[in-house]
Amino acid sequence: MLPRHMQRLGRDWVAHWDNPQRFCWNSCIFNSIRWADHYSWAPYVSTADFTVNWRPPHFFGPWRPPHFFGPWRPRQYWNWHRGNFTHNSSFHLSNPNMKSEGDEPSSKRRRDSGQNDVCSPHEEISSSNQNEAACLSTPPKNEKENTANTRGLIKRHWEYFCHHSKTMKIPEDKQIDQNNTEDKGKFDFTVMSYNILSQNLLEDNSHLYKHCRRPVLMWGYRFPNILREIKQLDADVLCLQEVQEDHFGMEIKPSLEYLGYHCEYKMRTGRKPDGCAICFKISKFNLISSNPVEFFRHDIPLLDRDNVGLVLLLQPRFHCKATAAVCVANTHLLYNPRRGDIKLTQLAMLLAEIASVAHQKDGRFCPIIICGDFNSVPGSPLYSFIKEGKLNYEGLPIGKVSGQEQFPRGQRILTIPIWPPSLGISQSCVYEVQQQRQEENTGGEKKEAKLEHTEEVIIAAEKFPSKLQHHFRLSSVYSHYLPESGVPEVTTCHSRSAVTVDYIFYSAAKDDSAAQPGVEDTFDGGLKLLGRLSLLTEQDLWTVNGLPNEHNSSDHLSLLAQFRLIEE
């Protein structure tokens, strides 16, 4: 039993639970929480004294009355919740704009009432695709990873696609295996696509991050986390979106160059301060050409947006064929869900540039990888066009092109054709001048075959003027759904939505088990998907307070895939 003056002291410090700005002492003094290290008790402390995910230690030793150390701390730094005042809670610094629980997104409120623990890699793999189970394998557990798994961190496992890859290591050790494949005349490499969230866009759209604690939204906190993730995953090619220009020049580029990358960057047109970057390891590739793509055209009213793309042609440094090349493209398409006409035109412009860069002398294309934030969901007309290579858009409402809205406002139909002839891009998503030059430069049987094929395309275009097509055999690295439950995977998660909008598409080789079947072979060889870094569900992400959070400093997840270059 505590002395009477101690009980009175505890009662005097009790505040009403509905006041979120006051530190509340429980009536049971022995359940009070002691601050980190050996500081005395204090009802108000500075946010600088603690880490964002601080966990109070157990109380040991005799009870001591609280004392004030240092100056008075203003009330606006605190937002205490009843759920945080438990023995196992983490130190919680909430956004001061979130005045009450009613301001939190509904998905976050569901998270608070649900399970907070993160499933293990073995539990995650149990829900993977049964159709892929025969060719998927997970690496053995890493003891350091298991011991380093802290509260608020979700572990993403690595999925391998081929039986012979079962002996391969986790991504941190892939360089050893890469050296072995190079000795055998094989070239394996990894590609990451990552929307790192521009700080300017974050601040301009702060309503999307009401669920976040203010310190985790600061660039000084976010960039070390982003760089740490890039360094840990150690991809050979990085495709980054929403790269802010000043951050790229002062921090991102110097840091990546120190890690052995060469960086190419294209900033958005107009007054937009961010853009796209492709960075590759100079120990793995040589740069053949860098080709920026601007989607803004002052003479075409349809193309009045400042989005951009970037297309690189890379030559592997270790390969048996001197003419081998890989085309890597990166883009961030328009977000507006009700402007599907602009999205399709931007995509056609990107595909036309890829066709120009990846085209080889024999009339075929080198292997292609397309990364980016397409602001379109799986199964949407735009997504289907990328994978299937064709789209009949006659009668298609503009608001349904990207599938971002289940019930889009307005029913304006796509015009036929979508873009004017002055753009210089055909319905086959190639430059019309390039197509004419290809016909002039080809000869003999190849020329006759090409002309016959061109005539078929022209006839099809005349018969079906509303049909778009491209001649790339593209597959998606990810399947987008958990097959056992049908729960969708997500690549972005914030206060308004949690969906998949980021993709890695690739030109699959004939023997690739993950390839899109039934598409015409127009490639010189191709790419074989060896593995990928698993994605997460919305429920998984809300167990760690959505995105961004203490460990993931963007509102998007990074995508990572491992490929093998196949020659013919």
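That block above? That's the structure.
Residues numbered from 1 in each chain as written. Predicted model: local features only at pLDDT ≥ 70, side-chain atom pairs only at ≥ 80, totals over all residues. Heavy atoms only, no water.

Q: Whenever I open this one, the pattern of salt bridges confuses me. Can you help?
A: When their charged atoms lie close together, side chains carrying opposite charge are able to pair. The tally for this structure, following the rule as stated, stands at eleven salt bridges. The partner of Arg339 in a salt bridge is Asp341, with the nearest N and O atoms 3.1 Å apart. Grouping residues by exposure puts Arg339 and Asp341 together as buried. (Salt bridge = Lys/Arg side-chain N within 4 Å of Asp/Glu carboxyl O. Buried < 20%, exposed > 50% of the residue type's maximum accessible area, 1.4 Å probe, protein only.)

Q: Got a minute to help me understand the sheet that holds strand β9 (residues 368–373) in this structure?
A: Two orientations exist for strands paired in a sheet by backbone hydrogen bonds: parallel and antiparallel. Strands sit in the order β6-β7-β8-β9-β16-β12 across an open sheet of six strands; the sheet is mixed. Only two strands of the sheet have a single neighbouring strand rather than two, namely β6 (285–294) and β12 (474–476). Here the strands of the sheet are splayed against their neighbours by 20 degrees on average, with no regard to which way each runs. Two strands pair when backbone bridges link them, and β6 and strand β7 (residues 308–316) are joined in this way by nine bridges, in the antiparallel orientation. Bridge pairing links Val293 to Gly309 in β7. (Pairing = 2+ DSSP bridges. Helix = DSSP H or I, 4+ residues; strand = E, 2+ residues; numbered from the N terminus. Axes fitted to C-alpha atoms, helices over the stretch in contact; angles between N-to-C directions.)

Q: Can you walk me through unusual backbone geometry in this structure?
A: As a rule of thumb, non-glycine residues mostly have phi less than zero, and peptide bonds are mostly trans rather than cis. In this structure, Pro417 follows Ile416 across a cis peptide bond, with omega equal to -5 degrees. The linkage connecting Leu547 with the following residue, Pro548, adopts the cis geometry, with an omega of -10 degrees. Positive phi outside glycine occurs at Asp234, with the angle close to 55 degrees. Examined against the element boundaries, Asp234 turns out to sit in the loop between α7 (219–233) and β3 (237–244).

Q: Teacher, can you tell me more about the packing of aromatic side chains here?
A: For any pair of aromatic rings, the description rests on two quantities: the centre-to-centre distance and the angle between the ring planes. Enumeration over the complete set of coordinates arrives at 14 aromatic pairs. Arranged with centres 5.9 Å apart and planes meeting at 40 degrees, the rings of Phe189 and Phe563 form a pair that is tilted. Note that Phe189 is positioned in strand β2 (residues 187–195) and Phe563 in strand β19 (residues 559–566), a separation of 374 residues in sequence. Exposure class is identical for Phe189 and Phe563. Each is buried. Seen in terms of ring centroids, Tyr383 and Phe505 are 5.9 Å apart; in terms of plane orientation they differ by 50 degrees. Their pairing is tilted. Remark: Phe505 occurs in strand β16 (residues 502–507) and Tyr383 occurs in helix α10 (residues 381–388); sequence separation between them is 122 residues. Accessibility classification places Tyr383 together with Phe505 in one group, the buried group. Connected via pairs of aromatic rings, a cluster forms that spans Phe187, Phe189, Phe285, Tyr506 and Phe563. (Phe/Tyr/Trp six-rings, centres within 6.5 Å; stacked < 30°, edge-to-face > 60°.)

Q: Just checking my understanding: could you explain helix α9 (residues 340–358) for this structure?
A: In an α-helix, one full turn covers 3.6 residues, which means residues spaced three or four apart are oriented alike. Here α9 contains 19 residues, and its C-alpha end-to-end distance of 26 Å stays within 8% of the 27 Å for a straight helix at 1.5 Å per residue. Most of α9 sits out of view: 18 of its 19 residues are buried. (Expected span 1.5 Å × (residues − 1).)

Q: Teacher, can you tell me more about the environment of His207 here?
A: Tracing the chain through its elements places His207 in the loop between α6 (199–204) and α7. Overall, the relative accessible area of 31% leaves His207 in the partly exposed class. Separated by 287 residues in the primary sequence, His207 and His494 place their C-alpha atoms 9.5 Å from one another. If near-sequence neighbours (up to four positions away) are discounted, His207 is found in contact with Ser495 and Arg496. (Contact = heavy atoms within 4.5 Å.)

Q: Help me understand the sheet that holds β3 in this model?
A: With respect to topology, seven strands assemble into an open sheet ordered β1-β17-β19-β2-β3-β5-β4, the strand pairing being mixed. Either end of the sheet is taken by a strand with one partner, and the two such strands are β1 (158–160) and β4 (261–267). Recorded for the sheet is a direction-independent mean angle of 25 degrees between the axes of neighbouring strands. Here β2 runs beside β19; their pairing, made up of seven bridges, is antiparallel. Bridged to Asp188 within β19 is Arg564. Helix-sheet contacts for α7 involve β2, β3, β17 (526–533) and β19, and the interaxial angle to β2 is about 165 degrees. Seen against the sheet, helix α8 (residues 245–258) touches β3, β4 and β5 (274–281) and runs at an angle of roughly 155 degrees to β3.

Q: I keep staring at the packing of α7 against α8 and nothing clicks. Help me out?
A: Helix-helix packing: each pair is described by the crossing angle between the helix axes and the interaxial distance. Where α7 meets α8, the axes come as close as 11 Å, and the angle between the chain directions of the two elements is 30 degrees. Taken together, the axis directions place α7 and α8 in an arrangement best described as roughly parallel. Both α7 and α8 take part in a crossing whose hand is right-handed. From α7, Trp219, Phe223, Leu227 and Ile230 reach across to α8, where they touch His247, Glu251, Ile252, Ser255 and Leu256. When its residues are assigned to classes, the contact of α7 with α8 shows six nonpolar, two polar and one charged. (Parallel < 35°, antiparallel > 145°, perpendicular 65-115°, else oblique. Left-handed = near helix turned anticlockwise from the far one by under 90°. Nonpolar A, V, L, I, M, F, W, Y, C, P; charged D, E, K, R; others polar.)

Q: Help me understand the side chain of Asp373, please; the structure alone is not making it clear to me.
A: Along the chain, Asp373 falls in strand β9. It is Lys343 that comes nearest to the buried, bridge-free Asp373 among opposite-charge side chains, at 7.7 Å. Only 3.1 Å separates the side chain of Asp373 from the backbone nitrogen of Asn375, close enough to count as a polar contact. Excluding anything up to four places from it in sequence, Asp373 contacts Asn195, Gln241, Thr331, His332, Leu333, Val501, Asp502 and His556. (Lys, Arg positive; Asp, Glu negative; His and termini not counted. Polar contact = N/O pair within 3.5 Å; in protein donor to acceptor, adjacent residues only side chain to side chain.)

Q: Whenever I open this one, the pairing of strand β8 (residues 326–332) confuses me. Can you help?
A: Burial within β8 is extensive, with seven of its seven residues counted as buried. Residues Val326, Val328, Asn330 and His332 of β8 are buried on one face, and the alternating residues Cys327, Ala329 and Thr331, pointing to the opposite face, are buried as well. By the bridge criterion, six bridges tie β7 to β8 in an arrangement that is antiparallel. Bridge pairing in β8 links Leu314 to Val326. In terms of strand pairing, β8 meets β9 through six bridges, oriented parallel. Bridge pairing links Val328 to Ile369 in β9.

Q: Before we go on, may I ask you to explain the state of the cysteines in this structure?
A: As used here, a disulfide is simply a covalent bond connecting the sulfur atoms of two cysteines. For the structure shown, the criterion picks out zero disulfides. Free cysteine: Cys239, not disulfide-bonded; nearest cysteine sulfur from Cys371 at 3.8 Å. Of all cysteine sulfurs in the structure, the one in Cys327 sits closest to Cys366, which takes part in no disulfide; the separation is 5.4 Å. Residue class for Cys366 comes out buried when judged on its relative accessible area of 1%. (Disulfide = S-S within 2.5 Å.)

Q: I keep staring at the environment of Leu529 and nothing clicks. Help me out?
A: By the element assignment, Leu529 lies in strand β17. Taking the C-alpha atoms as reference points, Leu529 and Phe563, 34 residues apart in sequence, are found 4.7 Å from one another.

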